[in-house]
Every structure is written in structure tokens, then in C-alpha cells.
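Below are the chains, spelled out letter by letter.
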Amino acid sequence: MLEIVGVSAGYGGRERGRDVTAVIEDVTLRVAAGEIVGLVGESGCGKTTLARVVTGLHRPSAGAVRVAEVDVHALRGRALRAHRRQVQMVFQDPCLTLSPRQTVRQALAEPLHIHRIGDTRSRSTRVSELMDLVGLDPQVGDRRPGQLSGGQQQRVAIARALALEPRLLICDEPVTALDVSVQATVLNLLCDLRDRLEFGCLFITHDLAVISQLADRVAVMRHGRIVEQGPTGDVTTRPRHPYTRTLLAATPTMDIETKARSV
Amino acid sequence: MTGRRGGRAWTRTALVATPLILFAVVGVLAPVIAPADPTVGDLTAGLLPPSPEHPLGTDQLGRDQLSRMLYGARISLTVTAAVLAIALTAGTAIGALAGYLGGWVDRFVSRVIDVVVSLPGMLVALAVIGVRGPGVENLVLALSLWSWAPYARIARARVAGMRSSPHLDALRLLGAGRGRIIGKHLLPPALAPCLVYASTDVGMIVLSVATLSFLGLGVAPPHAEWGQMLIEGRPFLDSAWWLAYPPGVAITAVVFAANLLGERLAAGEERPSILRLVRPRWSLPARAPRPAHAAATTKEPVAPTPPEAARDSSEHDAVLRVRDLSVSYPDGGGRRRVVAGMSYEVRRGRILALVGESGSGKTTAALAPFGLLDPNAAVTGSAVLGTGAGARQLVDLSPGERRRINGHRVGVVFQDSASVLNPLRTIGAHVDEAVRNTGRGGHRAVTRRVTEELLRLAGLPDPAKVAREFPHQLSGGMRQRAQIAIALAGEPELLVADEPTSALDVTVQAQLLVLLARLRDELGMAMVVVSHDLAVVSRLADSVAVVYGGRIVESGPLATVITDPDHPYTRGLLDAVPRPGAAPGTRFRTMPGRAGAGPDETEGCGFASRCPLVATACVSEPPALEAPVPGAPPRVDAHRSACLRHPSRPAEAGERSTGPC
């Protein structure tokens, strides 16, 4: 579904064949249909830049990104816009990615309007469906993002990304801003939707714990390079790279038994 | 409810715009309702005072003033509307386009705007009319040419500010084209400040029309026009007041109405600031007792702690003892509680974690004793800091007394270190200030030495260098350490940390948790840590209070609460924590429904609607926070849970701890 081959990207233009500020270097990664691949790394390691390259918002300086055999960065104009139906993204901060002046229902109808799907009534039905899908109370339909909680905002963002039934979903730290209990429902939701709609999912996070229960495969990124990738079980139980081990040790878990100190 | 409120807002908007609407209607109907022809005079009836025949008197040429006023409205407002429509449309479109496209288009348009804005407007108008001759069309053209630029500037600034915003990226990913992004998502927010400006512009344009008319360059003299009437009436201000006052009042009324209207439109459903001045908000004083109706509808589900129970808890080393803490905010006509009857305490060298979902009231409960809430918040109950002679009641302290506590005896660390620190001051300056506030400073060098010590204590490796740096030069983890250093300046007995690690990477978070634990152990500090993450808390806390819907539903020593949770909500929270080693795709066990309402919105248990073990009694009977096992001492720091299943039904206890939840 998604193939990232030897991608490098950076900011500030290029000089003498190299990026002025290289952020990611030579990243190769694949996501199959119906597969969730976790991309783990700390802030500043280039995860978000990779997401922007994959979605076509940022142009790589080398390498290619192919979604369903089509090179994303070779498309222009109408073809690109049509292609974008297949790749959707859920951003880190839902508060910033929702238009502040649109109500929830308007925000969810927006992709349908853009792609001229359905008439007023069928759009309204679809919007209600989407709200139900992500567990939003029908009452919040007329509220604006500023009047919603963080969890509700992220649900709206997810519902909007799913409105076009994409084949690839990029999630950039979608649950970082959420409560643990809300996070669990959102992660379940993503799992369910993946099973039903068979989309591939690149799930970007800094939290190995979140990804270990969700992803089929995990790639660990550091300083713009992927240092380790493999099936989730192997990476979390038999990490080979020292950085992966550091991440695992830092991940908060509930194993109270190993805690030396207690009251 | 919202519909009615929206309706009322619209009624008020219409009310505000009344003068504008009135004159517009009157202007349109002028030929029908005017008693006389405004241009035909009767020289024998000149300068007559108001009378039944001429309600507003006559002017020096004997023309009926009322008719002239009505026709004047027609001309003034038509010209103004035309100018505004052209200037607003052209200005906003040009500005929005320049702001969105950026690059050389933006630079070019910005220069043009600068030039137009700096030109004297009247001169431009005179030049245009000088070339094209007088007349209403040329007047409109001249004034439009002069007044589009500010709109373009406002729209450009607004759009340029939003150009790189993530929500536009999100729209691009949805496949939205340029036209839709500009038209639907950039123009409306850009239009709002333009409308406000337009409202102030109305007065300018009305006056400019009048001035140009007076100079013989606008509306020709026999036709009535407000500004022209004003200027014509000026020589007779002493003898015939009815000439200048009515047009003056009309202009003022129109300008004022337009101002209010613009502000209302811009603010959407929010109350515009100027209206707040006109009609002060009807609110209760912040510390008023709870209104009777709230008290009547509120059952107190948490049984008041028996006084002897409160006393026999180890009072000698409780740094903070909170009893029956309630916080309410004004809501509609009454007040709405967000924290109800919470009791907690934290002892020296211990860390208490308040855990709950966002909106549960955990942060409010943690900050309320220190007066760190919105001024509208009313705090009741008791919160005692310290013991013996140093004990202080924190609720209802005066601001002066509070300053002697906050920063001295209590340090606070907030979640968002980027917004807590002033971006224009160095880290050293921040900590210096805190040190001086607590009286530990002295000469600059002495203060700085204390500062560096504090930064080292907060685990910053090179304090001298960090002190010279600005907040944006530090990583999130280092900023959070700097915040901790500031909080430690007063050598506090108690540190309150609101989600101290939530915005950080796991590795940085782990280091910070180690730091907090070290501070507790080395300095013997008490801490209240607010968090939504039980996993984080389990690395740090000694005791836990689980907060749901503004109440504590379970509290006790960390190990007990986590290994043997009693309340179904606590179990739900524990189930939501990811477990490494689970097979990929394993579903989390989640709680149905949505995070709770306020403490007074349900009759019984607030969690009943989501609870897997709900019984009929739960809906009507509020549970008390009490020991899950009968016979345990009713201490505030012992394991307690607010669930109706115990102790009346102890038989289920065995099944409960192993059964699925």
C-alpha cells in the first residue's frame, strides 16, 4: 500500500547536493494494506517530517514515496487532489487542525463537499454516521472546536479523515494529547476500523507502550534514520539496538510488582 | 436552550443596530413619508422653530428640516454603503490573495497598500473629482479609492498569519483546492476584523461625503445631505439650534450603531466588550454562598467525614490537609460545582497523585487551595497548610497573605512550560526573580549563585550556561526542570505539579520522574501530582486519589489501589493502560460512554451510566467514600472507595477482586 524508498528530506533548500538542514535520511519503510506500522522516536527525530513527505505536503530531496503504486510527488493539480482521497492524516494537535469557525458537522461534511459526494441529505446522514463511528455525542454537532474537549476534537479529526474512506491513514501522535482512558477507546477504534476497512496505517508516536499493543510492525527512528525495524513482538521483547532498549526502559508500565518502593 | 440563547443574541444585535436600520428604512421611504419637498423653500417661513407644521423647524431658506433629514438619510447612507461595499470587497479580496500567495505578489501589494494608506485621503478624493468632475458616482469612486487599503492590510495580515497553520494542511490533504481554502476558510475569518473596521469607517465616510459636498464636489447643494446640513446650520448654532443638532445626532447615532453592530458581528456569539460596559454583567460575587436552589437540589453523596476521623489521622506531619473542598463557577443564573466535597491530605516526604480524565476536576481540586483558579471560582471547605504554629487556612486568604504562601511555602509546576516562561527573559532572570521574591537573594552575584544552585538541584547539568539562555533555546524537558527550579526557590514544604510530564517524550519523562522522586527523598518535600496517566503515577506516587466527575471515587496507598482496585472506574482506568507484550491488535478494555458530567448532574453515583456493575440503587443513591472492607479505620489516607457494593454486600468481595470487569 505504502512504499517509502530511500527518502531523505530537509528544510532550507539544498546546497552541493545535500540538504541544508537534513531532517530524515535514507528512510525505507513499507506498509501493507490492513497493516498498522508503528514509527517510534523522540521529538525532533524527523517523524513528523516523514509524515509530511508521505502525504505530499513536503517534497523529499531524494527517494520516492509510492501509495498504491503511484508516486505521490509526481502528481499535480486535479490528479493529486483525487489521489489525496486515498491518503488521510490525523494530526497531533486536533485543536490546530480543525478550522476554528466550523462546527463539528460542518467540519465533517467538508471533505464530502470538497469531493462533491452526495446531496445535502445523504451528507447529513453520513456525518451522523461518522459521529456515531467515533463515539461523538450528537449534541456536540453544532459546537465549534473551541467548545470541545481534547478527546472530542481528536475524534472529530479522525472522523473527518475517515469520511473519504482512505486506503492509507497516517496518524501523527494522535493520542498524545488524550487521557489514557480516551486513548484506549481511540486505539480500539483505529483497530476496528482497520479490520473493517482494511486500510494501511502508519502510526507515529513517541510512546512504545501505545504502539506495542497496536502495531503489527515497529520501526524505531533516531536522528532521522531508522535504527531498527521488525515485528512488534521482536522489537519489544528482543530489542537489538541500544536506543530501542533505552526507549523500552523509559516507557511507563503498570508492572507494580517490579517496583521496589511502596507504602 | 442554545436556540433560545441564540435567538436572544440576535434580538439584541437587531436592537443595537436599530438607529442604522431606522435611518435606512426612513431613507428608502423618504419620498412617501416626507411632509414636504426638501429642495423647495419658502423664504417667508425661514428659520421657524419646531412647530406642529414643521416638527423640526425650517432652515434659513424656509425648507422643512424634517423632510431634509429624511432625504439626507437616503443620500448619506446610499453613498456610504456604496463606498463601503466597494472598498470592503476589493480590499479584502486583494489582501487575502496577497496574504495567501505570499512571495513577490505579497511584497508588491504590501507596498501599494503602504503608499495608499500614507496618502492624505482628502487629497486623493480632490484629485479624482478634479479630473472626473463632481457628481455622486465620482464621489463614490474617489472615496473607494481612498478607503480600500486598510481592509487589504487587515485581510493580508490575517490570512498570512493562517497560511502555515496546520488546519490548512489538513484541508489540503482532504483535497481542497485553492479557491475553497481561500473562499471558505480564509476569507470569513479575515472578513471579521474588516467588518469591525468598516463600522468605524462609516462615520468617516459620512463626514467625508459631507465635507466634499460642502466644497461643492459631492452632492450638489439643493439636495439634502446630513453633513451639508450640519455645515449649513453651523452659523445659526446660537439662534436656531434645530438646524445643526438633528443631523449631528443622526450622524452620531448611525456611527455608534454601526460600531456596536460591527463588534457584535465580529465576536460571533460572544458578548462584545463595549456592551459589557454598557450593561454590566449580572454576576454573583465570587465568594457568595451557594444559591439556595443549588443547595436544595444537591444531595451530598460523600458523607461528611466524621470529625473524630479527621482528627485522628496522623495530623502531626500532614503538610496539606484538605477537607470537604468544593469549587463552583457561575453558570447561567446560578452556580455549577466542578469539585464537590473532596478531602485529601499529603504528608511530609510523600507524593499524592490526583488521577482522572480531563474535565474530572482533578486540576481544579489541586490548585483551588492556592487561589490559582479563575477569579469567578468560589472555593469552600477547608485546606490547611502545615502543622502546629505554622498551620494556615488557605481557603479565603487575602491576596497579600497568599503572596506570603505561594512561592514561599508552596511551589507550583505547570504542564506547559513554554507558556509559563516569558520568552523574552533568560532562565536565570526567571529564577533570580523567584529567589528575590522569597528574600533569599542579595547582590546580583549572590542571587545568581542561589539560582545556579537551584538549577543544579533541578538536574540541569551546566547551570551557569542554562541561566544565560532563553526558554526557546531549551528542550521541553529542560524547561520543565527550570520551572521546577523556580518552584524550589522558596524552599517550599509542598510542591504542586499539574501534569508535569504529559507533554514530554517518554525518556525525558522518565528522567523527570526520577528527579521528582529524588526531591521528595532528599528534601522531604510533600507533593501533589496531577496526572491522567496511572502508569506515570505508579512510578512516583505514594498514595493515589482517583477523581471522577468532581469527586474522589477511590483513594488510598498506591500499591493497594493499583493491585486491588475496588471502584469499577479505577479498574477501567487500569485496563486502559497499554501492556507491552500483548499481541498486536489486542483490544483495550474500555469503559462505555463518555467521561462524566459535574458532581451535581446525577442523583446517585456519577459513574453509574458507565459502570459494568451498575445496580438499580446506584442511579438514585449516592455512594459514600468509605473503606471497602468493613471494620477498617475511617482514615482519610486509608484505602477508601465510593461504591454502593460495599460494605452492605461483603459477600461479593471475593468474587469482585477476581471477576471480570
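Residues numbered from 1 in each chain as written. Chains lettered and ligands numbered in written order. Predicted model: local features only at pLDDT ≥ 70, side-chain atom pairs only at ≥ 80, totals over all residues.

A.B. asks: Would you mind going over the overall build of chain B with me for this structure?
C.D. replies: When its secondary structure is counted, chain B shows 26 helices and 12 strands. Going through the 661 residues of chain B one by one, you find that 47% of them count as buried. Considering only residue pairs separated by 6 or more positions, chain B has 67% of its internal contacts joining residues 24 or more positions apart. (Helix = DSSP H or I, 4+ residues; strand = E, 2+ residues; numbered from the N terminus. Buried ≥ 20, exposed ≤ 12 C-beta atoms within 10 Å, placed from the backbone. Contact = placed C-beta atoms within 7 Å.)

A.B. asks: Help me understand the overall build of chain A in this model?
C.D. replies: Counting secondary structure elements, chain A contains 10 helices and 10 strands. In terms of overall size, chain A behaves like a compact globule, its C-alpha atoms giving a radius of gyration of 19 Å where 263 residues would be expected to give roughly 18 Å. Taken along the three principal axes of its C-alpha coordinates, chain A extends 60 × 55 × 30 Å. Among the 263 residues that make up chain A, the fraction classed as buried is 51%. (Rg over C-alpha atoms; globule rule 2.2 N^0.38 Å.)

A.B. asks: I would appreciate a short explanation of the interface of chain A and chain B in the present structure.
C.D. replies: How big an interface is tends to be reported as the loss of accessible area on association of its parts. On the chain B side, the residues contacting the 56 residues of chain A number 55 residues. Listed by contribution, the elements that provide at least two residues to the side of chain A that touches chain B are β6 (87-90), α3 (94-97), α4 (104-114), α7 (180-197), α8 (208-212), α9 (232-237) and α10 (242-250) of chain A. It is α7 of chain A that provides the largest number of residues to the side of chain A that touches chain B, a total of nine residues. Along the lines of polarity and charge, the residues of the side of chain A that touches chain B split into 22 nonpolar, 22 polar and 12 charged. (Nonpolar A, V, L, I, M, F, W, Y, C, P; charged D, E, K, R; others polar.)

A.B. asks: What is the right way to read the pairing of strand β10 (residues 551-557) of chain B from this model?
C.D. replies: The two faces of the sheet receive side chains in turn, since in a regular strand these alternate between them. Residues and elements named next belong to chain B. Of all seven residues that make up β10, six are buried, and the element is covered over most of its length. As paired elements, strand β9 (residues 543-548) and β10 share six bridges and run antiparallel to each other. Considered in β10, the bridge of Val 546 is made with Glu 554. Remark: two residues form the turn of the hairpin made by β9 and β10, two consecutive strands paired antiparallel; Gly 549 in that turn has positive phi of roughly 55°. (Pairing = 2+ DSSP bridges.)

A.B. asks: Explain the confidence of the model for chain A to me, please; I cannot follow it from the model alone.
C.D. replies: Do not read the predicted coordinates in detail wherever pLDDT is low. Looking at chain A, the pLDDT average stands at 85 and 94% of residues meet or exceed 70. Of the regions scoring below 50 in pLDDT, residues 256-263 of chain A engages in 12 contacts with residues more than four places distant in sequence or in other chains. (pLDDT = per-residue confidence, 0-100.)

A.B. asks: Just to check I follow, could you spell out the sheet that holds strand β3 (residues 36-40) of chain A for this structure?
C.D. replies: For sheets, the rule is that strands pair by backbone hydrogen bonds, running either parallel or antiparallel. All names here are of chain A. On the basis of which strands lie adjacent, the open sheet formed by six strands has the order β6-β7-β8-β3-β9-β10 and mixed pairing. Each edge of the sheet is formed by a strand with only one pairing partner; in this case those strands are β6 and β10 (225-231). Averaged over all pairs of adjacent strands, the angle between their axes in this sheet comes to 15°, without regard to strand direction. Examined bridge by bridge, β3 and strand β9 (residues 217-222) share four bridges and lie parallel to one another. Of the residues in β9, the one forming a bridge with Gly 38 is Val 218. The strands touched by helix α1 (residues 47-55) are β3, β6, β7 (168-172), β8 (200-205) and β9; relative to β7, the strand with the most contacts, the crossing angle is about 155°. (Axes fitted to C-alpha atoms, helices over the stretch in contact; angles between N-to-C directions.)

A.B. asks: Is there a simple way to explain helix α6 (residues 150-162) of chain A in this structure?
C.D. replies: The periodicity of an α-helix, 3.6 residues per turn, causes residues three or four positions apart to be oriented the same way. In a regular helix each residue adds 1.5 Å, so 13 residues correspond to 18 Å; α6 of chain A covers 18 Å between its end C-alpha atoms and thus fits that length. Here α6 of chain A has its buried residues at Gly 151, Gln 152, Gln 153, Gln 154, Arg 155, Val 156, Ala 157, Ile 158, Ala 159, Arg 160, Ala 161 and Leu 162 of chain A. (Expected span 1.5 Å × (residues − 1).)

A.B. asks: Please clarify how the sheet that holds strand β6 (residues 410-413) of chain B should be interpreted in this entry.
C.D. replies: All names here are of chain B. In spatial order, the strands read β6-β7-β8-β3-β9-β10-β12-β11; together these eight strands make up an open sheet with mixed pairing. Each of the sheet's edge strands pairs with one partner strand only, and the pair in question is β6 and β11 (625-626). In terms of strand pairing, strand β3 (residues 351-355) meets strand β8 (residues 526-531) through five bridges, oriented parallel. Each residue of the ladder has a partner; that of Leu 352, found in β8, is Val 528. The strands touched by helix α20 (residues 476-488) within the sheet are β6 and β7 (494-498), with β6 carrying the most contacts at an inclination of about 165°.

A.B. asks: Would you explain unusual backbone geometry in this entry?
C.D. replies: Phi is positive for His 223 of chain A, close to 50°, though the residue is something other than glycine. Structurally, His 223 of chain A can be placed in the loop between β9 and β10. One non-glycine residue with positive phi stands out, namely Glu 491 of chain B, at about 45°. The residue Glu 491 of chain B is located in the loop between α20 and β7 in this model. Classification of Glu 491 of chain B by C-beta neighbours within 10 Å gives partly exposed; the count is 13.

A.B. asks: Mind showing me how you'd approach the pairing of β9 of chain B here?
C.D. replies: All names here are of chain B. Extensive coverage of β9 is indicated by the burial of six of its six residues. In terms of strand pairing, β3 meets β9 through four bridges, oriented parallel. Paired with Leu 352 across the strands is Ser 543, a residue of β9.

A.B. asks: In this structure, what is going on with the packing of α4 of chain A against α6 of chain A? I would like to understand it.
C.D. replies: Between two packed helices, what matters for the description is the angle formed by their axes and the separation of those axes. Residue and element names in this part refer to chain A. Direction vectors running N to C along α4 and α6 enclose 25°, while the axes themselves pass 8 Å from each other. Judged on the interaxial angle alone, α6 and α4 are roughly parallel. In the crossing of α4 with α6, the sense of the turn from one axis to the other is right-handed. Together, Val 104, Ala 107, Leu 108, Glu 110 and Pro 111 of α4 and Val 156, Ala 159 and Arg 160 of α6 make up the contact between the two elements. Classifying every residue of the contact of α4 with α6 by side-chain character gives six nonpolar, no polar and two charged. (Parallel < 35°, antiparallel > 145°, perpendicular 65-115°, else oblique. Left-handed = near helix turned anticlockwise from the far one by under 90°.)

A.B. asks: Before we go on, may I ask you to explain the environment of Arg 335 of chain B in this structure?
C.D. replies: Residues and elements named next belong to chain B. Structurally, Arg 335 is set in strand β2 (residues 334-347). By the C-beta count within 10 Å, which is 23 here, Arg 335 ends up buried. The spatial distance from the C-alpha of Arg 335 to the C-alpha of Ala 377 is 9.4 Å, given a sequence separation of 42 residues.

A.B. asks: Hey, could you run me through the environment of Pro 166 of chain A in this one?
C.D. replies: All names here are of chain A. Positionally, Pro 166 belongs in the loop between α6 and β7. We classify Pro 166 as buried; it has 23 C-beta atoms within 10 Å. Taking C-alpha positions, Pro 166 is 9.4 Å from Met 89, a pair spaced 77 residues apart along the chain. If sequence neighbours within four positions are ignored, Pro 166 has contacts with Arg 85, Gln 86, Val 87, Gln 88, Ala 161 and Phe 199.

A.B. asks: Explain helix α5 (residues 120-133) of chain A here, please?
C.D. replies: Taking 1.5 Å per residue, 14 residues should reach 20 Å; α5 of chain A reaches 20 Å between its end C-alpha atoms and fits that length. Check the buried side of α5 of chain A and you find it contacts α4 and α6 of chain A.

A.B. asks: I tried to follow the packing of helix α4 (residues 103-118) of chain B against helix α6 (residues 136-162) of chain B on my own but got confused; where do I start?
C.D. replies: Residues and elements named next belong to chain B. α6 packs onto α4 with a crossing angle of 140° between their chain directions and a minimal axis gap of 9 Å. Judged by the inter-axis angle, α4 sits oblique to α6. Seen along the crossing, α4 lies across α6 with a hand that is left-handed. Here Val 109, Ser 110, Ile 113, Val 116 and Val 117 of α4 lie close against α6, whose contacting residues are Ala 149, Pro 150, Ala 152, Arg 153 and Arg 156. Across the contact of α4 with α6, the residue classes tally to seven nonpolar, one polar and two charged.

A.B. asks: Just checking my understanding: could you explain the environment of Glu 198 of chain A for this structure?
C.D. replies: Residue placement: Glu 198 of chain A occurs in the loop between α7 and β8. Excluding its chain neighbours within four sequence positions, the residues that come into contact with Glu 198 of chain A are Ala 33 and Gly 34 of chain A.

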